[in-house]
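Residue-level listing of the chains:
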Amino acid sequence: MQLEPKTRRTAQNIQHTYSLDSRIYDVKTYPVQSPQGATILIYGHTNGVRLVWRGGRRLRPSKKAEKQNGSSEDNAVMIIDSDDDAPPTKSAFVDKPEFEETATTNTSPPEIIQTLDLALGTAAHHIAVLPTPSCSAEDAAWNGAEILKHKIIFAVTCTNADVYVITLPLTPPSHESKARPELRQSLLAGNAGKGAWGETLTLLGGQARPSEGVAITLTRNKSASGARSRSLDRHGHSVTRAIVSAYSREASGTLRFWDVTLDAKPGTLNRIEPFQTEFLPHPLTSISFNPLHLTQLLAVDSPNAVRVYDYSVPAFPSDDTSDGPFPNLGSWLLSLYPPFTRSSGMSTTRKPIVAAEWISHGRAVLVLLADGQWGVWDIDGASPTTNTSGGLFSKASAGLRGSAITAFSISGHLEGTSPLRNPGSQRSTTGPSTGEFVPMTPHSRRDAITATISGGPEKLAAVRGGITIARLAPTRSSEPGDESAILWLGGVDPIVSVIPVISKFWESQLRRAVGGGVNLWSGSQPTRMIRLTDLSVGLIGERCTGVTAVPKPAAAPSRDSSPSESGAGGQEGLPIEVLLQGENRLVFVHETEDVTSLTTRLIGARKKTRINTDSTKAILAYPRPEKPNSVAFNLSVARRGNQMMHLRPRPSVKNLFAEPVASIEAPEETSFGSQRPRDTGLMFINDLNNAADVPDDESEAENRDIEQEMMDIMEIDRELEQMETDRERGTKRVFFEEG
């Protein structure tokens, strides 16, 4: 892997590109940091997986053996002991990495501390990590699993239909460990499963075809009772166990579950058979475990529905004869249906589902549809305006089975997806239908998604994308942390939008729906969805195949700041880094837009020292201290004589035959002090032209932030355009009949 990235700066962000030596299939961010404060990235390539420790404290350089004073090979003495003929036993290598005192968090981008390759002999296509919040190593006791404080636990699927659960030390290996002589004796000495890095490898059997998705979570032993609890005690299942689920296209679709104990010794390869196999009418497209209800699995069955499966609830309680901790078959609890597609007639086809993920700590579901629409299904009363005791998965409705939901709590569309919503009107007049050659230009690449759906709504099935949820570290131990979301639709020029804080964004959308305003002037960055632009710059022509969120390290709260300000919403920029996955590149995107609200920026929250404003004659974006804030102009296009007939008072006369007294009027002056001629109308433009011709003051131009002023104007235009779109969308047309 390239240790030094290539940096490219755009108007909105900074992109750091890492070029790799092999193809990338999947990238995941491990939620637990290493003990020295590094963020761990895991990605699959053509020969296995690679782990990258990024940021934190550096490893100290390797120590070279120094010869003692006066010792040399010529003065060596050989001692022969005939009583001991057995060769000396070589002790196992114990890695004790040492780190520097200072961290590298202040560098941009963070430095790559160490990398480790785990060769599996085949390509690793999908990687799954635990759905835990982002935290440090000392706080990683999710659901009482102490193993998370010193071990990395993840699952991986391979091309040859193998599924593995791998555990690895959380601390990166030292340079001495990677330079051991025994690793050079054989090319296979460092492969996964040999125990050279302290790893354990568990093979999950039962798969006949390669898996297309995998998910992993932990399990609690307290869910078992009766004969199952005695079985647990008899087999000693008191250690931490992981539940792994994978789906494949075997038959018409297969979903399997494995129960894996995490007490294996390094260097051993165990094989486990599935305890549950569910045959499906359609193959799935993605799965994910609930971070709150650990036995619930979210399964996306596109384009039909998003379904919730519970492997611990038996489908037929009276016929359950399982002796293990879980039944032979689980239950489908809930189905979430997307809306129908738009067409000229009555449509019976639902919109294809691109991705769906748990949000609000497992109490709601965020979905992204193929036409760019997103929505939130409030399952367990997670809305900020509803009562939390009336959810479907609460204690009052523990026996829920076969329910369905169709209505969204909040919904909207991603910016830049209007061609996806109206495919029929976006057919190009040039291209293969007309026989004209269309060259590959940046403009034509931007319309790649539109070209794929030019045939009609049925082409929406070709749209690829996804959702990534980053569970941020909590600011207080008693409260759950915030969540950030990334929604993306792939292509050469991908559409990537970020929700900085889901809870604040949800609350602002509800206020907007009830008429509380669009939050234009008082909205901060966490309450709106932000689209990242110019992402093809870092990909350098490659196709975007995935997007991952990398949570930023939580800053320590200051004494003067409140806990809410020290959280995700109070950081500079986004609370996460956006990691783009290309075919052979990884791109880290750093947002450079300030978090302050639009009103704060417009009134000059970041005040700069302005000097010598008296001699400035050019048009400024702020009023001068000695000039009024507003200037009145006569914008009427009527003639001067017609206006004076209505504005002048009638002359006073003493009698019928008396001549009127001529009134003497002073010449009118404009606000600039110059005499206004007749028939002025819009003649004040000449004054503006004269003011623009005056040379600017160099000292004043140096202190102005022209880029910030242009960004403010562009943001106002975007907000006004959004308001106009919402106004047209909510307009009601009323027709009156003539009687």
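For the structure itself, look to the data block above.
Now for a description of the structure that goes with this document. (Residues numbered from 1 in each chain as written. Predicted model: local features only at pLDDT ≥ 70, side-chain atom pairs only at ≥ 80, totals over all residues. Heavy atoms only, no water.)

## So, empty space enclosed by the protein
One water molecule sets the probe size; rolling that probe over the atoms shows where empty space is left. Rules: With a 1 Å grid laid over protein atoms only, a set of points is called a cavity when a 1.4 Å probe fits there but cannot get out and a pocket when it is open yet has protein on both sides within 12 Å along at least five of seven lines; lining residues have an atom within 4 Å of a point. Grid points are joined across faces, edges and corners, and a volume is the space filled by probe spheres set on the points. In this count, Pro and Cys sit with the nonpolar residues alongside Ala, Val, Leu, Ile, Met, Phe, Trp and Tyr, while Asp, Glu, Lys and Arg are called charged and the others, Gly among them, polar. Where helices and strands are cited, they refer to DSSP runs of H or I of at least four residues and of E of at least two residues respectively, numbered from the N terminus.
On inspection of all chains with the given rule, the structure shows 3 cavities of 30 Å³ or more. By volume, the largest cavity amounts to about 60 Å³. Here the lining of the largest cavity is composed, by residue class, of 5 nonpolar, 4 polar and 1 charged. Its boundaries defined by the atoms lining it, the second largest cavity holds a volume of some 40 Å³. Among the secondary structure elements, those contributing two or more residues to the lining of the second largest cavity are β32 (576-581) and β33 (585-591).

## With respect to unusual backbone geometry
Rule in force here: Think of it in three bands: with a 1.4 Å probe and only protein chains considered, a residue is buried below 20% of the maximum accessible area for its type, exposed above 50%, and partly exposed in between.
Between S302 and the following residue, P303, the backbone shows a cis peptide bond with an omega angle of 0 degrees. Tracing the sequence through the fold places P303 in the loop between β19 (296-301) and β20 (305-310). Despite not being glycine, A161 has its phi angle at roughly 75 degrees, a positive value. Here A161 lies in the loop between β10 (151-158) and β11 (163-169). A relative accessible area of 9% means that A161 is categorised as buried. Phi at H361 takes a positive value of approximately 60 degrees, unusual for a residue other than glycine. Along the chain, H361 falls in the loop between β22 (353-359) and β23 (364-369).

## Section: the packing of aromatic side chains
Rule in force here: Between 30 and 60 degrees the pair is tilted, below 30 it is stacked and above 60 it is edge-to-face, where a pair is any two Phe, Tyr or Trp rings, Trp via its six-membered ring, whose centres lie within 6.5 Å. Consider the ring centre and the ring normal. A charge sits over the ring if Lys NZ or Arg CZ is within 6 Å of that centre and within 35 degrees of that normal.
Evaluated as defined, the whole model comprises 11 aromatic pairs. Taking the centre distance of 5.1 Å and the plane angle of 75 degrees together, the rings of Y311 and F326 count as edge-to-face. With Y311 in the loop between β20 and β21 (331-336) and F326 in the loop between β20 and β21, this pair connects stretches of sequence that are 15 residues apart. Residue class for Y311 comes out buried when judged on its relative accessible area of 0%. Among the aromatic side chains, those forming a connected cluster through ring pairs are F257, F275, F289, Y309, Y311, F326 and W332. In this structure, R54 packs its charged tip against the face of F588, placed 3.8 Å from the ring centre.

## Quick notes on the environment of E591
To be explicit about the condition: The contact rule is simple, with two residues in contact once any of their heavy atoms fall within 4.5 Å. Any N or O atom pair separated by 3.5 Å or less is treated as a polar contact, with the protein-specific requirement of one donor-capable and one acceptor-capable atom, and with residues adjacent in sequence counted only for side-chain atom pairs.
Mapping E591 onto the fold places it in strand β33. For E591, a relative accessible area of 11% gives the class buried. Considered as a pair, E591 and I576 are 15 residues apart in the sequence and their alpha carbons are 9.2 Å apart. Leaving out residues up to four positions away in the same chain, E591 has contacts with Q12, N13, I530, L532 and L574. Side chain to side chain, E591 and Q12 meet in a polar contact 3.2 Å long.

## Digging into the sheet that holds strand β28 (residues 483-489)
How we decide: Any two strands with at least two DSSP-identified bridges between them are counted as paired. Axes here refer to lines fitted to C-alpha atoms; in helices the fit is confined to the stretch in contact. Angles between the N-to-C directions go from 0 to 180 degrees.
Taken in spatial order, the 4 strands line up as β27-β28-β29-β30 in an open sheet, and their pairing is antiparallel. The open sheet has two edge strands with one neighbour each: β27 (465-471) and β30 (530-532). Across the sheet, the mean angle separating the axes of adjacent strands is 20 degrees when strand polarity is ignored. In this structure, β27 lies alongside β28, joined through 7 bridges in antiparallel fashion. Its bridge partner lying in β28, I469 is registered against A485. Across the sheet, helix α6 (residues 502-513) is in contact with β27, β28 and β29 (495-499); its angle to β28 comes to roughly 75 degrees.

## Quick look at the environment of I40
Considering the arrangement of structural elements, one finds I40 in strand β4 (residues 39-45). Of the residues examined, I40 reaches a relative accessible area of 0% and is grouped as buried. Measuring from C-alpha to C-alpha, the distance between I40 and Q114 comes to 9.8 Å, with 74 residues separating the pair along the chain.

## A word on the nonpolar core
The test is simple: By convention a nonpolar core is built from buried Ala, Val, Leu, Ile, Met, Phe, Trp, Tyr and Cys residues, the set being connected through side-chain atoms within 4.5 Å.
If you look at the biggest cluster of nonpolar residues, it comprises 57 residues, and the most contacted ones within it are Y30, I42, L118, L148, I152 and V244. With 6 residues, β10 is the single largest residue contributor to this core. Excluding anything up to four places from it in sequence, I152 contacts Y30, I40, I42, L51, W53, I166, T167, L168, P169 and L170. Within the second largest apolar cluster, 26 residues are counted, among which are L368, A370, I467 and L487.

## Notes on the pattern of salt bridges
We count it as follows: Within this document, salt bridges are pairs made up of a side-chain nitrogen of Lys or Arg and a carboxyl oxygen of Asp or Glu, the two lying within 4 Å of each other.
Across all of its chains, the model carries 20 salt bridges by this definition. In this structure, R60 engages E101 in a salt bridge whose closest nitrogen and oxygen atoms are separated by 3.8 Å. Here E101 lies in strand β7 (residues 99-103) and R60 lies in the loop between β6 (57-59) and β7, a separation of 41 residues in the sequence. Of the charged contacts in the structure, one is a salt bridge between E507 and R511, with a shortest N-O distance of 3.7 Å. Remark: R511 and E507 occur in helix α6; sequence separation between them is 4 residues, near one turn of the helix. A residue is classified by how much of its surface remains accessible, and E507, at 37% relative accessible area, is partly exposed.

Geometric values such as these leave the question of function open.
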